[in-house]
Amino acid sequence: MSIRFSIKADTDQMYKKLDNLARRQIPFAVARAVTQTAVKVRNEDITREYMRTFEARNLSFIMAVHRVYGANASFAKRTGVAVASIQPVDDPVPTGTTASGFAGAPQGTKKTRAGTQFMKRHVKGGIKTSGRTKLAIPVTGAKLTRRRSGSMEGAMTKASKPKQILARKNTFIGTSKRTGNSMIMERTGKKKNAKVKALYTLAPSAKINRVYDPLPAAKRGIARTFPTLFRKSFVGALRTAKIRG
């Protein structure tokens, strides 16, 4: 006994439906992949570059300086462009992005008390000025203590700030014989064993050299990461989509 049957396949119509399905899902897949790429590149490539350049005392500060704003899928569908941004948390939110609603979203990343805008000088270089008073620049090797936790981790403790140091009896403002710069100095020891140590150099301005450039690392990370994440995102989008009509 045999059973035979036939099904008439409207292949042209099926191709059109599949094509429309793929077209509908592409903006969402791209937006998701772009966002995931930004998070992965920030967490791996850029963080590694940052730690290679600076002494990383505060991981949360690194996240604040490089906050991820993910791509808004509706914007991508409407314009054909998926936008994600890795930027200081103090900068304006870019058009076409969102700060939440995606895997790896920086929930709880807020503006820091110390601010993040000063980090741009390390990228571009420039001159830092103090306004009314002179800048107090810590002397390399000076015994000054920094905060070890909290939103101000890495900043000088209150006791190590210039104003508090100068309130002590054994400190004063002097002039360096070697450089001629004004300095906050500390006298230690007594009489014959007395020594003077420099804590801060006082200057009207300070030149900030360009030492940090995360762009090359980000480009390498994007080129390596996005293709794989897009394929996964697109396949996932097709699996959950429904063929219309």
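Residues numbered from 1 in each chain as written. Predicted model: local features only at pLDDT ≥ 70, side-chain atom pairs only at ≥ 80, totals over all residues. Heavy atoms only, no water.

Quick look at the overall build of the protein
Definition in use: Helix and strand definitions here come from DSSP, where helices need a minimum of 4 consecutive H or I residues and strands a minimum of 2 consecutive E residues; each element is numbered from the N-terminal end. Burial classes follow relative accessibility: with a 1.4 Å probe on protein chains only, a residue under 20% of its type's maximum area counts as buried, one over 50% as exposed, and anything between as partly exposed. Between two residues, a contact is recorded if the distance between any of their heavy atoms is within 4.5 Å. In this description, accessible areas are obtained by the Shrake-Rupley approach with a 1.4 Å probe, and a residue is regarded as covered only by the protein chains that are shown.
Summing up its helical and strand segments, the protein has 6 helices and 9 strands in all. In the protein, which comprises 245 residues, the proportion classed as buried is 33%. Counting only contacts in the protein whose residues sit at least 6 apart along the sequence, the fraction spanning at least 24 positions is 61%. For the protein, the exposed area adds up to about 16,700 Å²; of that, 54% sits on carbon and sulfur atoms.

As for the sheet that holds strand β1 (residues 67-71)
Strand pairs in the sheet, formed through backbone hydrogen bonds, run parallel or antiparallel to each other. Note the cut-off: In this analysis, strands are considered paired if DSSP registers two or more bridges between them.
What the 3 strands build is an open sheet, ordered β2-β1-β3; its pairing is antiparallel. The open sheet has two free edges, formed respectively by β2 (85-87) and β3 (97-98), since each of these has just one partner strand.

Brief notes about the pairing of β1
Taking burial as the measure, the 5 residues of β1 include 5 buried ones, the bulk of the element. Summarising the sheet, β1 and β3 pair through 2 bridges and their orientation is antiparallel. The partner of Gly-70 across the bridge, within β3, is Thr-98.

Topic: helix α6 (residues 215-240)
Just so we agree on the cut-off: Working rule for helices: expected span equals 1.5 Å times residues minus one. Bend is the name given here to the angle between axes fitted to two runs of seven residues, the run ending at a residue and the run starting at it.
The end-to-end C-alpha distance of α6 is 35 Å, a good match for the 38 Å that 26 residues give at a rise of 1.5 Å each. Of all bends in α6, the biggest is about 35°, found at Thr-225, and the proline Pro-227 comes one to four residues later. Taken as a whole, α6 has its buried residues at Ala-217, Ala-218, Gly-221, Thr-225, Leu-229, Ser-233, Phe-234 and Ala-237.

Considerations on the sheet that holds strand β6 (residues 171-175)
Let me state the cut-off plainly: Orientation is described by axes fitted as lines to C-alpha atoms, over the contacting stretch for helices, and by angles from 0 to 180 degrees between their N-to-C directions.
The strand order across the open sheet formed by 4 strands is β5-β8-β7-β6, and the pairing between neighbours is antiparallel. Across the chains shown, the open sheet's two edge strands, defined by having one partner strand only, are β5 (135-138) and β6. Ignoring strand direction, the axes of neighbouring strands in this sheet form an average angle of 40°.

A word on the nonpolar core
Selection criterion: In this text, buried Ala, Val, Leu, Ile, Met, Phe, Trp, Tyr and Cys residues form a nonpolar core when linked through side-chain atoms within 4.5 Å.
Listed in full, the 11 residues of the largest apolar core are Val-41, Ile-46, Tyr-50, Phe-54, Phe-61, Ile-62, Met-63, Val-65, Met-119, Tyr-212 and Ala-218. In terms of residue count, the dominant contributor to this core is helix α2 (residues 59-65) (4 residues). Ala-142, Leu-144, Ile-184 and Leu-202 belong to the second largest nonpolar core, which has 8 residues in total.

Concerning the pattern of salt bridges
What counts, and what does not: Salt bridge, as used here: a side-chain nitrogen of Lys or Arg that lies within 4 Å of a carboxyl oxygen of Asp or Glu.
Going through the model one piece at a time under the given rule, you end up with 8 salt bridges. A salt bridge links Arg-224 to Glu-44, with the nearest nitrogen and oxygen atoms 3.9 Å apart. In this pair, Arg-224 is assigned in helix α6 and Glu-44 in helix α1 (residues 11-53), connecting sequence segments 180 residues apart. Overall, Arg-224 belongs to the partly exposed group, its relative accessible area being 44%. When salt bridges that share partners are traced, they join Lys-40, Glu-44, Asp-45, Arg-48 and Arg-224 into one network.

Quick look at the pairing of strand β8 (residues 195-203)
The two faces of a sheet get side chains in turn, since along a regular strand they alternate between them. Pairing between β5 and β8: 4 bridges, direction antiparallel. Bridged to Leu-135 within β8 is Ala-203. Direction of pairing for strand β7 (residues 182-188) relative to β8: antiparallel, over a ladder of 7 bridges. Each residue of the ladder has a partner; that of Met-185, found in β8, is Ala-198.

By themselves, these observations are geometric and do not establish any function.
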